[in-house]
Amino acid sequence: MRLLIVEDERRLALSLAKGLTAEGFAVDVVHDGTEGLHRASEGAYDLIVLDIMLPGMNGYRVCGALRAAGDDVPILMLTAKDGEYDEAEGLDTGADDYLTKPFSYVVLVARVRALLRRRGRTASPVLTVGGLSVDTAARRVTVDGAEATLTTKEFAVLEQLALRAGEVVSKSEILEHVWDFAYDGDPNIVEVYISALRRKLGAKTIGTVRGAGYRLVGDRA
Ligand code: CA
């Protein structure tokens with residue numbers, strides 16, 4: 001899952017990015033509203049964390065512009081505690097949720113995950129494909145009931161495949177959602193992670209569709 005953080009308090013933005021990266025998200029950070037709108041409009045983001053008081057263009061306007069353009073990306077707004085900015089107004093402009101500063105990091109992560117789940121196709125955080133079970137809330141994976149230990153990045157790659165189980169997911173789609181904007185390395189990095197997942201989950205769990213991408217099958221045999 002790939003997130004965009006639009007926040008001009010650099011220390012806050014960087015600590016959020018660091019924490020969310022450790023959780024397995026790909027995270028891009030920008031510090032002003034104009035750049036935020038630009039990046040959000042062209043990026044493949046699964047969610048945007050959007051501050052309200054921003055240089056360039058405030059968060060309400062960024063949110064309003066995205067919605068006016070038909071973009072339904074989940075938006076979590078960060079509001080100041082002084083009451084100067086109204087939560088109701090944030091929701092009016094199309095934000096999905098808001099958090100009042102200062103907030104606990106744990107609460108932010110929980111809200112982010114809840115919004116991502118709400119947007120998903122199923123109400124359940126557990127995706128089941130054959131003998132494979134991917135719990136996107138608890139970040140646990142089991143194969144035929146036995147727990148598999150994955151790195152955060154491996155989990156993020158598997159999650160992309162599980163969200164679209166049975167469909168072909170291209171290498172570039174996986175790259176877009178799992179690696180951040182700063183990654184300019186070899187796109188074949190995806191193959192490295194697919195190999196690692198096959199090693200841990202069973203060789204035939206993930207099929208290769210030549211020239212198109214990968215498909216999660218879920219069967220080990
Ligand atoms: Ca601010």
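The following paragraphs examine the structure supplied in this document. Bear in mind that the values here come from a model prediction, so they are computed numbers and not experimental data.

1. Some thoughts on the packing of aromatic side chains
Reasoning step 1: What the rule picks out here adds up to one aromatic pair.
Reasoning step 2: Taking the centre distance of 5.4 Å and the plane angle of 70 degrees together, the rings of tryptophan 179 and tyrosine 193 count as edge-to-face. Within this pair, whereas tryptophan 179 is found in the loop between helix H7 (171-178) and helix H8 (189-201), its partner tyrosine 193 is found in helix H8, the two being separated by 14 residues in sequence.

2. Section: the pairing of strand E1 (residues 2-6)
Two faces, one strand: in a regular strand the side chains alternate between the faces of the sheet.
Reasoning step 1: Of all five residues that make up E1, five are buried, and the element is covered over most of its length.
Reasoning step 2: Taking every second residue as pointing to the same face, both faces of E1 are buried, with Arg2, Leu4 and Val6 on one and Leu3 and Ile5 on the other.
Reasoning step 3: Taken together, E1, helix H1 (residues 10-22) and strand E2 (residues 26-30) form a β-α-β motif whose crossover is right-handed.
Reasoning step 4: Of the strand pairs in this sheet, E1 and strand E3 (residues 47-51) are connected by four bridges, and their pairing is parallel. In the strand pairing of E3, isoleucine 5 is matched with valine 49.

3. Some remarks on the coordination of the calcium ion
Reasoning step 1: Here the calcium ion is held by the protein donor atoms Asp8 (OD), Asp51 (OD) and Met53 (O), which lie 2.1 to 2.3 Å from it.
Reasoning step 2: In primary sequence terms, the donor set of the calcium ion follows D-x42-D-x1-M. Residue aspartate 8 is located in the loop between E1 and H1, and its partner methionine 53 is located in the loop between E3 and helix H3 (59-68); the two are separated by 45 residues in the primary sequence.
Reasoning step 3: Residue classification places aspartate 8 among the partly exposed residues on the basis of a relative accessible area of 30%.

Basis of the calculations
Residues numbered from 1 in each chain as written. Predicted model: local features only at pLDDT ≥ 70, side-chain atom pairs only at ≥ 80, totals over all residues. Heavy atoms only, no water. Phe/Tyr/Trp six-rings, centres within 6.5 Å; stacked < 30°, edge-to-face > 60°. Helix = DSSP H or I, 4+ residues; strand = E, 2+ residues; numbered from the N terminus. Buried < 20%, exposed > 50% of the residue type's maximum accessible area, 1.4 Å probe, protein only. Right-handed = clockwise from strand over helix to strand, strands pointing away. Pairing = 2+ DSSP bridges. Donors = N, O, S within 2.8 Å, 3.2 Å for Na, K, Ca; no water.

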